[in-house]
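One-letter residues, chain by chain:
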Amino acid sequence: MRFIGKAILYLFLICTGLFLVTFPIYFFNIDMKLTSMIEPLLLKHYDRIDRDQHL
Amino acid sequence: MAVKKFKTMVNPKPIKGDKKYGELYKPGGKVRKRREWRGVGDTLYDYWRWLGILLTLGKFVAVPRNVKAMFRYRWMANYLAVPMMVDRFTQGLRGEYLRMAHEQQDLIIIDVAKLLGNIFRGDRRIGNDEEFSKINVLVDENEMTAVMMGFPNLKSTSRETPSTYVSVLLNQHAAEHYIDVAQEYGLAGDVCPMPEAEAGVSIDDDAPILGACAVQCNTTCDGSLLGNGVISRRLEKEDGIPVFQLPAPLRHKEDDVQDYAAEEIRRAIKFIEEHTGHKWDWDYYFECARRVNYATKCRNEWLDMNKTDYPQIFGGNLALYTETNYMAICGKVPEFERCDRRLMKLAEKAYKKQKMAAPEYRHRAIVWGVQSHFYMDFLVWLLNCWGIVPLTDMLSCINTEMIAETDTPENREQAYYDMAMLTEEMIMRNRTHGGYKVLLDDLFEFVEQYNADMIILWEHITCKALDGMHGLFEDKARERGIPLIWVDHQLFDPRVISRQGVRDQVNQYMRTVMQEEPLDPTLEILDDDNSW
Amino acid sequence: MKDLKHLIYFEDLLQDANNALVQQAQKEGLKCIGYMCENAPEPLLNLPGVFSSRLRAPRTGSIDVGTYYLTSFLCEYSRAILERALEGGYNYLDAVITPDGCTMLNRCVENMEVLQAMGKDKPGFFFDYMEIPMKADYNGLDLYVLQCKNHILKPLAENYGIDTSDAAIRKAVAEHNKLCELIRAIGDFRKLDQPTITGYEYNVITLATYVAPKHLLIDKLEETLEELKNRKPDSEPWFKARVLVVGSEVDDTDFIKVVEDSGAFVCADRYCYGSLPGRDPIYLTDDEDALTQICRAYMNRSECPRMMDTASMDGRRSYVDEMAKEYKADGIIYQQMKFCDPWAYEKMMGSTILRDEYGWPVLAVDRPYTIGTSGQMRTRVQAFMESIDIKKIHGEG
């Protein structure tokens, strides 16, 4: 019983921790803010790729 | 004639959380300042769904070849914007409406992730799994996939769907590079930018190479038909992938074209059998047909609901899902049937409670024409900014008839005609072809059926089929006293008419002609030209 | 060269859709069938008792009303035709039959129908539309035959009592062939090193055969052919290079004139309203009904970009190559009427393929419906002539 109680407690703490980390990312749109910084780098990379451009 | 006017309906229940959605936009920014506060319950629900989307994306990225593809194909950069697309489509939604949107959008994301995974697995440049490549049949983006309903072990794979169609949904600027490439090769700038961009992907050497064969269709317009010629040239002459051109009759309402259409379906199936070695499976076909019928039944019921004072699945929630489920899925993916059931439950629940999706319903509108692909969430904006309820849109007004779903000798013959009918009447072309009645007369019938007091008429400026009815639309609306708002756009290219340019056309009409003030003034002018 | 005796006569026929010969034929009791697309089998519109008039809008001025109904994004041809219809310029017609060749022509005719632009005072008047195949094969042929039966022969018989029997069709084909052979023979003078006919003259004559009753033209065509046999060319060539013009609808003789005034000789005409392949005779056999043979001929020879099968697409380009060789062209001009979707793509593909794979000098241009004396077009053609000259010099060197 004590083991189950501990497991539930740890699970709760993990979930709370994850929530505390991810919810601000979600709410303040940090995921999108980060990925929007990656896009220009990727576009530069695509411009450098050799392509067999033709009809 | 007096102008028709709908009596404003005020939502008795206040909308929880944010109400000034324009404040979430960062002027000139690519993304928004923060996500929407929808009250505790709905925010947590949205957050939970966001985690689910991240999980889907995480699983996708965990496959090394998908990462390799990310660095090979320019259009893959657009997939960085997946969560934002969902945010755009769910703006202002609460309760059942938010849940319906997520049910659809999240499933579409999973489906597109699977499609991408399959493409890169078979792609000669990326995964190069030759055996897997052989079970893929390439189809157009804008093609009814009915001819694949009897091949349980083959995949109908559209390269254009992820490279252009979905990309533009994710990032309004996604097609610009490919449009420019096509024009550099001499293509005129006045053709529809959708096939133009698809041709541009092929010219730019940015289309994955896979598949046992390809089935192209004359889809929606002269541009699509001709754009396929650019793509098939490279497929056949360079990649060695044989192509079958499936011409669906344009005058699809005429009895004397149906034998021709059915024969082309037979030939397409035979072509696929020859090039894949797989045989047509009638059991699987009728299983898919039952799912197609269920989707049709659900859509009919949703549209019937939208004829009442309490529409439930409408606007963005109706348009994108219908396009995906009807055309690309076409009964082949059971998960969409389960999604239909969940949507039906949610819609019925909200309908019983007489729920409303916005603080006020001021106008009931039929949205007609070809919507701006780079601004598909415009329908959400219409509701939130002006209280205009987009009851249905032209692309959702598709087949309402049931097809044969039990396996009998007669039905096997009928099945060719059913597949032909679905192909002829696939999204967009069922209205842009087939004579003026299906485009012009039907619109005004829908206005009556849905008790609409307004028409929002998307004028995709290079869609010749729609442009060709411009004056007649105006004449008829004037005769009947229906306010008609023209909304010009260039489908895939926001450089011609921006999102704000799209909104301005409604803003000006609502203020000057209708003499109304917006429901949410913060949404009237948004600096989102650089936004995804 | 000395002027052709009947050139002004032919030019006059192009000044008005309802020209003198149309009026004469209608006085004879013939019914006039309007059409707009090369995919409508012409012999079927010229059965005994009827004749065809391919719609043009000569001397087009303002097209504001056409633009109101069709917007500025549809080709000017469709807008000008609708404008002319609404002005009453086609009131002489007894029917309009149009294939769904392209969206713009289809919408143009649909607008005429909805707006009741013509036919109100003619009890037998009708509009009809046809589905036509997009692939050249057995299924396409079956469709073509059925559509011609249902949308040409049936309404002609029902509304005007026209004899649509096999014998009547064969008679129409014989007359059609007579005209085609004359036009072909006249066109052959363009193959001469010192051609005795200009591209402009040929364009005028060919165009007249599309817009006037054929049987009333035969004598003038025969005389012109005889005249050409003895016509003396100029001592020095009046052109810098010979060009084949390929592309969309051209019914504006000024376009060919501008090209020729810029130093080119239009030695061959592969465009809608041109003679290649529009004036190919249709040779019938007795072992199959005439209707099927006509449809097969139209389907197999179609150079319309709406034909979507790979064989037809490849065939379009190889046909241009063949014609360029046959007519001894030095270069090819791909022209496209602005806003024409099918030819926008075909111009890109054809011009690139003919240049890169077949090795032809190619100029690709777009143009309005009526070109007048366009300085821009003149400059582009002149530059093209110079580039051909330079290539010739390099080749010789």
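Residues numbered from 1 in each chain as written. Chains lettered and ligands numbered in written order. Predicted model: local features only at pLDDT ≥ 70, side-chain atom pairs only at ≥ 80, totals over all residues.

**Here's the deal with the overall build of chain B**
As a reminder of what qualifies: Working definition: helices are DSSP H or I runs of at least four residues, strands are E runs of at least two. Numbering for both runs from the N terminus. C-alpha atoms define the radius of gyration, and 2.2 Å times the number of residues to the power 0.38 defines the globule rule. Note on burial: count the other C-beta atoms lying within 10 Å of the residue's C-beta; 20 or more is buried, 12 or fewer is exposed, in between is partly exposed, and C-beta positions come from the backbone. Here the contact rule is simple: place C-beta atoms from the backbone, and any two residues whose C-beta atoms are within 7 Å are in contact.
Across its full length, chain B holds 20 helices and 10 strands. In terms of overall dimensions, chain B is globule-like: its C-alpha atoms have a radius of gyration of 22 Å, near the 24 Å expected for 532 residues. Among the 532 residues that make up chain B, the fraction classed as buried is 60%. Considering only residue pairs separated by 6 or more positions, chain B has 79% of its internal contacts joining residues 24 or more positions apart.

**Notes on the overall build of chain A**
Helix and strand counts for chain A come out as two helices and zero strands. Relative to its length of 55 residues, chain A is extended, with a C-alpha radius of gyration of 22 Å against a globular reference of 10 Å. With the C-alpha coordinates aligned to their principal axes, the bounding extent of chain A is approximately 70 × 25 × 15 Å. Every one of the 55 residues in chain A was classed for burial, and the buried ones make up 9%.

**Comments concerning helix H7 (residues 176-184) of chain B**
Residue and element names in this part refer to chain B. The cut-off we apply is this: Note that the arc is computed from the directions linking the helix axis to the C-beta atoms.
Here H7 has its buried residues at Tyr178, Ile179, Val181 and Ala182. Along H7, the residues classed as buried sweep out an arc of 160° about the axis, all on the same side. On the buried face of H7, the contacting elements are helix H6 (160-170) and helix H8 (193-203). Of the residues one or two after H7, Gly186 is the one with positive phi, at around 105°.

**Some remarks on unusual backbone geometry**
Cis geometry marks the peptide bond from Leu276 of chain C to Pro277 of chain C, where omega comes out at 5°. With respect to the element layout, Pro277 of chain C can be found in the loop between strand S6 (264-271) and helix H11 (290-301). We note that Asn29 of chain A has phi near 60°; this positive angle belongs to a residue other than glycine. You can see Asn29 of chain A is positioned in the loop between helix H1 (2-27) and helix H2 (30-48). Residue Asn29 of chain A is classed as buried on the basis of its 22 C-beta neighbours within 10 Å. Phi angles above zero are rare outside glycine, and Asn451 of chain B is one such case at about 50°. Residue position: Asn451 of chain B is located in the loop between helix H17 (436-449) and strand S9 (454-460).

**Thoughts on the packing of helix H11 (residues 282-306) of chain B against helix H13 (residues 334-352) of chain B**
Residue and element names in this part refer to chain B. To be explicit about the condition: The convention used is that axes are lines fitted to C-alpha atoms, helices contributing only their stretch in contact, and that angles between N-to-C directions extend from 0 to 180 degrees. Every angle not falling under 35 degrees, over 145, or within 65 to 115 is termed oblique; those three ranges are roughly parallel, roughly antiparallel and roughly perpendicular. Take the far helix as the reference: if the near one is turned anticlockwise from it by less than a right angle, the crossing is left-handed, and if turned clockwise, right-handed.
The contact between H11 and H13 brings their axes to 10 Å, and the two run at 20°. The orientation of H11 relative to H13 falls into the category roughly parallel. Relative to H13, H11 is oriented so that their crossing is left-handed. Between H11, through Arg291, Tyr294, Ala295, Cys298, Trp302 and Met305, and H13, the contact on the second element is made entirely by Pro334, Glu337, Asp340, Met344, Ala347 and Tyr351.

**With respect to the nonpolar core**
Here is the rule we go by: A set of buried residues drawn from Ala, Val, Leu, Ile, Met, Phe, Trp, Tyr and Cys, joined through C-beta atoms within 7 Å, is what defines a nonpolar core.
If you look at the biggest cluster of nonpolar residues, it comprises 316 residues, and the most contacted ones within it are Val243, Leu244 and Ile332 of chain C. When residues of this core are assigned to their parent elements, the largest contribution, 12 residues, is made by helix H4 (residues 95-122) of chain B. Apart from the residues lying within four places of it in its own chain, the contact partners of Leu244 of chain C are Cys267, Ala268, Arg270, Val320, Met323, Ala324, Tyr327, Ala329 and Ile332 of chain C.

**Some details on the sheet that holds strand S2 (residues 136-139) of chain B**
Residues and elements named next belong to chain B. Put simply, the rule reads: DSSP calls a pair of strands paired once it identifies at least 2 bridges connecting them.
Taken together, the four strands give an open sheet; going across it, the order is S3-S2-S4-S5, and neighbouring strands pair in parallel fashion. Because the sheet does not close on itself, it has two edges, and the strands there are strand S3 (155-158) and strand S5 (243-246). The sheet shows a mean angle of 30° between the axes of neighbouring strands, direction not considered. The pairing of S2 with S3 spans four bridges and is parallel.

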